[in-house]
Each structure stands twice: as C-alpha cells, then as structure tokens.
Amino acid sequence: MQEMKFARELANGLQSSLTLEVMEEIIIEPGRGLKHYWRDLWNYRELFYFLAWRDIAVRYKQTVIGVAWSLVRPIVTMVVFTLVFGKLAKLPSNGVPYPILVFAAMLPWQFFANALSESSNSLVGNANMISKVYFPRLAIPTSAVVVSFVDFLLSFAMLLILMGWYRFVPGWRMLALPLLTVLAFGAAMGAGLWFASLTVKYRDFRFIVPFVVQFGIYISPVGFSSAIVPAKWRLLYSLNPMVGVIDGFRWAIIGGDTELYLPGFAISIGLVVLLLASGIWYFRKTERTFADVI
Amino acid sequence: MSDTVIRVESLGKRYIIGHQRNGSDGLRHVLQDKLTAPLRWARSKAQSAKSKAQGAKSEEQSASDASPLALSSLPFAPRVEEFWALKDVSFSVARGEVVGIIGRNGAGKSTLLKILSRITEPTTGRVRIRGRVASLLEVGTGFHPELTGRENVFLNGAILGMTREEIKRKFDEIVAFAEVEKFLDTPVKRYSSGMYVRLAFAVAAHLEPEILIVDEVLAVGDAQFQKKCLGKMGQVSKEGRTILFVSHNMTAVKSLCGSALWLDAGSIVASGEAEQVVSDYLQNGAASLHEQEWTDAASAPGNDKVRIRSARVFASIANPRGEFTVETPLQMEFEFWNNIPDAVLNLTLHLFTIEGTYVFAVASSASPRRQGLVSEVVRIPAHLLNDGIYTVTIQVVQDSSTTVYIHPEILVFDVRDSDRAGNWFGKWPGVVRPKLEWLSDDDTVIRNSN
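Just so it is clear, the model here is predicted, and its values are computed rather than measured.

1. Some remarks on the overall build of chain A
Argument step 1. Within chain A, the regular secondary structure consists of 13 helices and 1 strand.
Argument step 2. Counting helices and strands in the order they occur from the N terminus, chain A gives α-β-α-α-α-α-α-α-α-α-α-α-α-α.
Argument step 3. For chain A, with 294 residues in total, the buried portion stands at 39%.
Argument step 4. Here the analysis covers contacts within chain A between residues at least 6 apart in sequence; of these, 81% occur between residues at least 24 apart.

What follows is the structure in structure tokens.
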C-alpha cells in the first residue's frame with residue numbers, strides 16, 4: 001500500500017518536473033537578480049554582434065573615405081608623438097625606431113581610451129532601448145568595447161605595415177600578444193563598466209571621463225618608455241593598470257633587450273582582474289534601476 | 001497544474017521623487033547631502049533627546065524615527081518623497097487569454113507592462129511568468145535612422161530577441177507585411193512616418209513568443225495600419241498565444257479581448273469580461289451633460305461670428321423614470337447668437353457613440369437669419385438609437401457649405417435598455433435599433449401587390 005502511494009507520488013513528481021522543464025518559470029521579485037542571467041546573456045549573444053555592427057556601420061555612413069578614418073587617428077598621434085617626444089625631447093628609445101616604440105604603446109592605449117569613452121556613454125546614448133525593451137544590459141557597454149577592439153585590429157594591421165617599412169623583424173615574444181590583448185580587453189571592460197553604470201545616475205562622469213583619458217595619456221608610458229621612470233616611483237607608477245599592459249605590449253612587439261618590470265606587471269594583472277570583477281558586480285547591482293533612472 | 005502563464009501577486013512599484021531644488025541630481029549635491037547628513041541626524045537626535053528630557057510626546061517621535069518609512073531621519077539618506085505607481089496589484093492570466101488593460105493616463109498600465117517585461121523591478125510583490133515574453137512597448141525601438149530598412153529589420157529583430165537565422169527566415173514575410181519592398185535599401189530616415197511605423201510593427205509582429213505584451217501601439221498610424229495590426233494580433237491569439245493589450249481604443253479592446261483589467265491610480269478597480277469592464281470604465285468616465293447654458297455672450301463658446309447660448313437634451317414626452325431608454329423620444333434644443341448680418345445659416349447635429357463611432361449627422365434647413373438669438377429644435381424618435389452613451393457635436397454652417405463654428409461634445413447622454421420580455425438579456429448589437437416590421441406569410445395583401 002505504502003509502496004504504491006510512494007510510486008504514484010514519484011510518478012506525479014516526475015511528470016510535474018517534466019512539464020516544468022518544458023515551460024520554465026521566471027520569477028520577478030524585488031531584489032532578486034535573474035537566476036538565469038548568464039544563460040540569458042548566451043541567448044542574446046547575437047545582440048552583442050548586432051550592436052557593435054550597428055555602431056561601426058553608422059560611423060561611416062555618408063562619409064567619403066569611410067573606414068580609413070579609423071586609421072587616421074593612430075597615424076597622426078604617432079607622427080606627433082615621434083616629433084615631440086622623439087625629436088624635440090630626445091627621449092631614449094633603446095635603438096628601436098621611435099615610431100614603432102610609440103605605435104606599440106599607442107595600440108593598447110587607444111583601445112583603452114576609445115573603449116572607455118564609448119562605453120561610458122553607451123548606456124545613456126541607448127536610453128531609449130533601455131527603457132523600452134528587455135535584454136541583458138551588459139550587451140551595450142560590451143559592444144562599445146568590441147567596436148574599439150575592431151579599431152584595435154585595424155591599427156595592429158597598420159603596425160605590421162610599419163614594421164615592414166622599417167624592416168623591423170619581431171621576435172617570438174609576439175606570441176604573447178593574444179594574452180596581452182585579453183588583458184587590455186579586461187582593463188577596458190572593467191573601467192568601461194564602472195563608468196557606464198556611474199554615468200547613468202551621475203551625468204558628471206560624462207565630463208570626468210574625457211579628463212581621465214587626457215590625463216591618462218601622460219601618466220602611461222605612451223609617449224615615453226617606462227625605463228625613464230625613477231626606481232623609487234616605479235611601484236606607485238605601476239598602480240596605473242595600463243602601465244603593465246602597455247609595457248607588456250612593448251616588450252612583446254619590440255623584443256630585443258626590453259625588460260619587463262615584473263612586480264609592476266603583476267600588480268597590473270591583479271588590478272585589471274579586480275577592476276573587471278568589481279565592474280561587473282557594480283553593473284549588475286545597478287542594472288535593475290537603469291530603466292528608472294536613465 | 002493549472003494553465004496559468006502569468007501570476008501577479010501583490011505587485012507594487014514605488015518611485016522616489018527627489019526634490020529638485022537646484023538641479024540636485026548632480027554629484028555635488030549627492031556628496032553634499034551625504035556629508036551633511038550626519039550633522040542633520042545628530043541634530044534631530046539632539047532635538048529628540050531634548051524633547052524626551054522635557055517628557056513631551058517623546059514616544060511618538062521615537063516611534064516615527066524607528067519606522068522604516070521615516071527615511072529622512074536615517075543617517076546618510078537624501079531628502080525624498082515616495083510615489084506608488086502600482087499598489088497591491090494581483091491577477092492571473094491563463095494560457096491563450098487575450099487580456100485588455102484599460103485605464104486613464106497615469107493609472108500605472110505602462111508601469112505594469114514594464115515590470116512584466118523585466119525592464120524595471122517591482123518594489124513589492126512578485127510575478128511568476130511561464131513562457132517566452134516579447135513586448136512591444138514602443139514601435140521602432142532601436143531603429144537607427146542612418147541604417148537602411150533591411151539593416152534595421154535585422155537590428156530590431158535582434159533587439160527584440162530573435163536570432164539571425166529566425167530573422168533571415170522571416171525576412172520576406174516581414175517585408176511583405178510592411179509593404180516597403182521598394183525602399184528596403186534606403187536609410188530609414190527617408191521613410192515616411194507611415195512606412196516607418198509599418199516596418200517597425202512588422203518586425204515585432206513576427207516574433208513568436210508565448211506571451212505578447214502590447215502597449216498602445218495602435219495610437220500611431222492610420223486606419224489601415226490599425227486594421228492590419230488588429231488583424232495580426234487576432235491571428236496571433238488564434239494560434240493560442242497569450243496577449244496583454246493596453247489601449248485607449250475601447251472598440252479594439254472589446255473586439256480583441258476576452259477579459260479586461262481596469263487600472264486606476266495604481267490599483268485594479270475592476271476585472272472580468274471585457275465588455276462589462278469597458279462599459280463600467282466608460283460609464284465612469286463620461287459625465288452626463290444634458291444641459292449647458294452660457295448667459296454671457298462675451299464668454300460663451302464660439303467666435304466673432306456666432307456664439308452658442310445653450311444646448312439641451314430632454315425627453316419630449318414626460319418621463320417618470322427620468323432616464324432615457326431606447327423607447328424615449330428625445331428632443332434637443334440649441335440656441336446661438338448670430339453676429340453675421342444677412343447670413344444663410346443652418347445647424348448640423350453630429351451624433352457619436354462614446355467609443356467614437358459616428359451614428360449620423362442631420363442638418364436643419366438653411367435659411368436667412370437675422371442678427372441676434374437663433375434657436376433650433378430637433379427630435380430623435382424613440383426606437384432609433386441603441387442603448388449606450390452618446391455625445392453630440394453641433395456645427396453652425398453658412399451657405400450650406402462653410403463651417404462657421406463647431407463645438408464638439410456639447411452634450412453627453414446615456415440611453416438605457418428597456419425592460420425586455422423574453423429570455424435573452426445580452427447586449428443588443430448594432431448602433432441603431434429601429435423597430436421595423438416583419439411581415440408574416442399570412443399577409444397576402446402585401447405579397448400580391450406588385
């Protein structure tokens with residue numbers, strides 16, 4: 001008797017769990033972040049692509065030279081930096097052609113700076129979508145970073161051409177580039193997420209971010225090499241996460257006897273991981289209020 | 001397990017209205033507030049300590065300080081005011097139901113939809129949803145004016161949750177529905193507003209969600225577009241999908257929805273069968289206006305040519321019940337001041353149902369009028385109008401062609417159903433309800449006359 005009852009209950013339980021499987025229940029409650037957020041993100045993965053594609057397509061509509069514009073900025077900056085820091089200030093370059101030294105650092109810096117500017121404004125710029133459609137909001141700042149990444153790839157192609165011009169042969173260290181790119185991506189995403197969420201509530205950050213970018217280019221080893229930083233300031237200087245990233249890029253691209261300051265690099269990796277994790281945490285925390293505040 | 005796809009339990013949504021003194025949204029004010037908050041808190045504690053020492057009403061004060069609603073007494077809290085857009089809303093929707101959500105502007109309908117669409121979070125309560133939800137809260141969300149129609153279809157589809165494969169598969173259908181084949185490759189900023197709205201709706205209409213949430217999208221677009229939208233939504237509901245539909249168009253709600261919810265000031269006032277809820281809502285909204293009079297010519301409605309003095313509707317036969325039924329003959333009287341010398345004027349009466357359906361227009365005969373007060377009377381016989389609420393628009397016409405002045409909704413009245421013999425007590429259909437004669441077979445006199 002008991003066994004039959006048990007068996008029946010088991011069968012019922014299986015049946016109801018099966019129907020639940022088919023039509024999964026979503027519970028919307030205050031304070032409950034969506035349990036399936038990461039699965040949602042996967043379901044909406046094509047949105048990342050579409051948003052990035054939209055931003056890129058729109059950028060060059062009705063322009064004459066189109067995509068070529070994304071190369072103009074790194075080239076011009078490189079020329080200016082070479083003239084100012086290389087020829088006028090005569091900062092040392094350890095025997096490497098100065099343009100390549102600058103370009104190798106320009107690559108990650110431009111990526112970071114563009115990603116930061118674009119993603120911090122991305123949420124506010126898409127306010128309409130955020131208040132009218134549901135999709136994982138993470139897609140927006142991420143696609144802004146992806147757009148900057150596309151520019152990064154184009155600049156990288158430019159760098160290869162530049163290397164060919166100077167007949168500069170890169171070493172095996174270039175293989176570390178993908179990892180370093182991931183690091184740069186992480187730094188851009190982390191900072192981008194922070195500023196994106198903050199800008200939604202406090203529009204002041206729209207003015208703070210360009211300042212950070214402008215200031216950042218002077219405290220990061222873009223126009224100069226880290227070797228000139230005196231030893232006693234090295235550790236403090238390394239608190240800028242981009243220092244490690246840019247140094248890493250230089251080390252990988254230029255090769256030769258460029259040294260990588262390992263303690264600084266380790267700090268940078270740690271900071272990037274911290275920035276990314278905290279950025280995601282803060283974004284998820286404030287995401288629920290975006291539609292109300294934006 | 002019941003087939004409930006949406007279950008809403010005690011849902012509430014609170015918005016905090018900050019007091020925008022000098023643009024207090026900025027970082028500076030938040031920091032300022034936060035820095036001075038401990039001072040304010042200390043001050044209020046000192047005050048309460050003082051009053052406690054004095055022994056006067058200290059219980060109340062400390063009680064209010066302890067209550068969670070006394071936000072401003074907590075340290076580090078900004079100065080705020082609360083606004084509850086939704087209060088304790090509970091209802092459930094079964095699979096395949098088409099539910100209309102009606103109510104005045106500001107009742108909380110859009111907020112409810114936003115919560116169901118997961119765009120914003122509720123403050124209290126919870127919602128259980130089973131099935132994929134697609135919401136159409138605005139037509140053309142995510143459309144970028146610089147991109148072409150084709151590109152926007154893909155973009156919009158992706159934003160609404162379709163995969164690229166899905167969009168490609170349905171692309172031709174979407175374009176055919178929108179009727180913009182020729183203009184697919186021009187940037188959307190060059191589209192007319194009609195094309196824009198058609199394309200936007202076409203994309204959304206081809207989503208295949210289990211639950212579709214639509215918010216007043218019919219407010220945009222011409223009559224043909226609205227017909228198409230309603231047709232598509234009807235088709236979707238026949239496929240067994242659940243639809244939640246917010247609209248101000250009562251005819252649409254009545255024709256599409258089986259049940260309806262009436263929201264007012266954040267709470268549900270009525271729910272149940274669509275016809276009944278809609279009629280309750282309309283009855284509540286329409287104040288009846290049987291008589292209006294303006295004794296002062298300077299402030300009476302009109303222009304420098306004519307001014308309306310009065311409008312009245314009443315039963316032309318003394319009516320003991322005091323209300324109009326389908327059996328009551330009605331009389332309407334209008335008076336107006338004519339300032340045009342030697343004008344050939346007539347009045348035209350336009351009758352509408354409260355839902356906006358045009359019933360008829362009837363014009364008085366045009367004749368030359370003297371300057372001064374003109375009065376006209378029109379009679380509506382019994383057994384013409386069906387039961388319902390009607391509005392009257394009066395129009396003054398010159399030379400049978402030019403409109404001198406129109407006054408919309410000058411009168412509003414309600415015609416009730418009469419007591420019926422027989423067994424059927426549903427709502428009699430039709431705009432008019434004339435009592436016409438059926439001739440039976442026995443009436444050979446009529447049949448034989450050619």
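After that view of the structure, there is still more to cover.
2. Topic: the sheet that holds strand β5 (residues 133–136) of chain B
Residue and element names in this part refer to chain B.
Argument step 1. Taken in spatial order, the 6 strands make up an open sheet running β5-β6-β7-β3-β8-β9, and their pairing is mixed. Here the strands that pair on one side only, and so sit at the sheet edges, are β5 and β9 (267–273). Neighbour to neighbour, the strand axes of the sheet diverge by 15 degrees on average, direction disregarded.
Argument step 2. Sheet analysis places strand β6 (residues 211–215) next to strand β7 (residues 242–246), joined by 5 bridges and oriented parallel. From the neighbouring strand, D215 faces β7, where its bridge partner is V246.

3. What to know about the interface of chain A and chain B
Argument step 1. Of the residues lining the interface, 28 residues belong to chain A; the matching set on chain B comes to 36 residues.
Argument step 2. At 6 residues, helix α3 (residues 45–59) of chain A tops the list of elements feeding residues into the side of chain A that touches chain B.
Argument step 3. Partitioned by chemical class, the residues of the side of chain A that touches chain B number 15 nonpolar, 4 polar and 9 charged.
Argument step 4. Sheet analysis places strand β1 (residues 25–28) of chain A next to strand β4 (residues 124–130) of chain B, joined by 4 bridges and oriented antiparallel. Note that in β4(B) the partner of I27(A) across the bridge is R128(B).

4. Observations concerning the pairing of strand β13 (residues 330–338) of chain B
All names here are of chain B.
Argument step 1. Because side chains alternate across β13, one face comprises the buried residues L330, M332, F334, F336 and N338, and the other comprises Q331, E333, E335 and W337, none of which is buried.
Argument step 2. Judged from the 9 bridges that link them, strand β11 (residues 306–315) and β13 form a sheet pairing that is antiparallel. In the strand pairing of β13, F314 is matched with Q331.

5. Some words on the nonpolar core
Argument step 1. Within the largest apolar cluster, 143 residues are counted, with the highest numbers of intra-cluster contacts made by F112(A), A187(A), A188(A), F245(B) and A260(B).
Argument step 2. Within the second largest apolar cluster, 26 residues are counted, among which are I308(B), A311(B), V313(B) and Y390(B).

6. A few points about the confidence of the model for chain B
All names here are of chain B.
Argument step 1. Residues of chain B with pLDDT of at least 70 account for 84%, and the chain-wide mean is 82.
Argument step 2. The lowest-confidence element of chain B is helix α2 (residues 58–66), averaging 41 in pLDDT; the highest-confidence one is strand β15 (residues 358–363), averaging 94.
Argument step 3. Scored below 50 in pLDDT, residues 56–75 makes 20 contacts in the model with residues more than four places away or belonging to other chains.
Argument step 4. Both scores are available for the predicted complex, with the pTM at 0.67 and the ipTM at 0.77.

7. A word on the sheet that holds β11(B)
All names here are of chain B.
Argument step 1. With respect to topology, 4 strands assemble into an open sheet ordered β10-β11-β13-β17, the strand pairing being antiparallel. Unpaired on one side and paired on the other, β10 (291–293) and β17 (372–380) mark the two borders of the sheet. Neighbour-to-neighbour, the strand axes of the sheet open up by a mean angle of 20 degrees, direction not taken into account.
Argument step 2. As paired elements, β10 and β11 share 3 bridges and run antiparallel to each other. Looking at β11, one finds that Q292 is bridged to A311.

8. Overview of the environment of A68(A)
All names here are of chain A.
Argument step 1. One can find A68 in the loop between α3 and α4 (69–88).
Argument step 2. Under the C-beta neighbour-count criterion, A68 is labelled exposed, with 11 such atoms within 10 Å.
Argument step 3. Each C-alpha atom of the pair A68 and L154 lies 9.5 Å from the other, and the pair is 86 residues apart in sequence.

9. Thoughts on the packing of helix α4 (residues 149–160) of chain B against helix α6 (residues 193–205) of chain B
Residues and elements named next belong to chain B.
Argument step 1. One can describe the packing of α4 onto α6 by two numbers: an axis separation of 10 Å at closest approach and a directional angle of 40 degrees. In terms of orientation, α4 and α6 fall into the oblique class. Considering the relative orientation of α4 and α6, their crossing is right-handed. Only L199, A200, V203 and A204 of α6 make contact with α4, whose side of the interface consists of G149, V153, N156, G157 and L160.
Argument step 2. Counted by class, the contact of α4 with α6 contains 6 nonpolar, 3 polar and no charged residues.

10. Let's talk about helix α11 (residues 241–254) of chain A
Structurally, the α-helix is built with 3.6 residues per turn, so residues lying three or four positions apart point the same way.
Argument step 1. Taking 1.5 Å as the rise per residue, α11(A) with 14 residues should run 20 Å; its terminal C-alpha atoms sit 20 Å apart, in good agreement.
Argument step 2. Immediately beyond the C-terminal end of α11(A), within one or two residues, lies G255(A), with a positive phi of roughly 65 degrees.

11. Here's the deal with helix α3 (residues 109–116) of chain B
All names here are of chain B.
Argument step 1. Counted residue by residue, α3 has 7 buried out of 8 residues, so it is predominantly covered.
Argument step 2. For α3, the full list of buried residues reads K109, T111, L112, L113, K114, I115 and L116.
Argument step 3. Count one or two residues on from α3 and you reach R118, which has phi positive near 65 degrees.

12. Comments concerning the environment of E287(A)
Argument step 1. Inspection of the secondary structure assignment puts E287(A) in helix α12 (residues 262–287).
Argument step 2. Taking the C-alpha atoms as reference points, E287(A) and V200(A), separated by 87 residues in sequence, lie 9.8 Å from one another.

13. Some details on unusual backbone geometry
Residue and element names in this part refer to chain B.
Argument step 1. In this model, D88 sits at a positive phi of 50 degrees, which is unusual for a non-glycine residue.
Argument step 2. Relative to the elements of secondary structure, D88 occurs in strand β2 (residues 80–94).
Argument step 3. Even without being glycine, S400 reaches a positive phi, approximately 55 degrees.
Argument step 4. When you line up the elements, S400 lands in the loop between β18 (388–398) and β19 (402–416).
Argument step 5. Given 12 C-beta atoms within 10 Å, S400 falls into the exposed group.

The rules we used
Residues numbered from 1 in each chain as written. Chains lettered and ligands numbered in written order. Predicted model: local features only at pLDDT ≥ 70, side-chain atom pairs only at ≥ 80, totals over all residues. Helix = DSSP H or I, 4+ residues; strand = E, 2+ residues; numbered from the N terminus. Buried ≥ 20, exposed ≤ 12 C-beta atoms within 10 Å, placed from the backbone. Contact = placed C-beta atoms within 7 Å. Pairing = 2+ DSSP bridges. Axes fitted to C-alpha atoms, helices over the stretch in contact; angles between N-to-C directions. Nonpolar A, V, L, I, M, F, W, Y, C, P; charged D, E, K, R; others polar. Core = buried A, V, L, I, M, F, W, Y, C linked by C-beta atoms within 7 Å. pLDDT = per-residue confidence, 0-100. Parallel < 35°, antiparallel > 145°, perpendicular 65-115°, else oblique. Left-handed = near helix turned anticlockwise from the far one by under 90°. Expected span 1.5 Å × (residues − 1).

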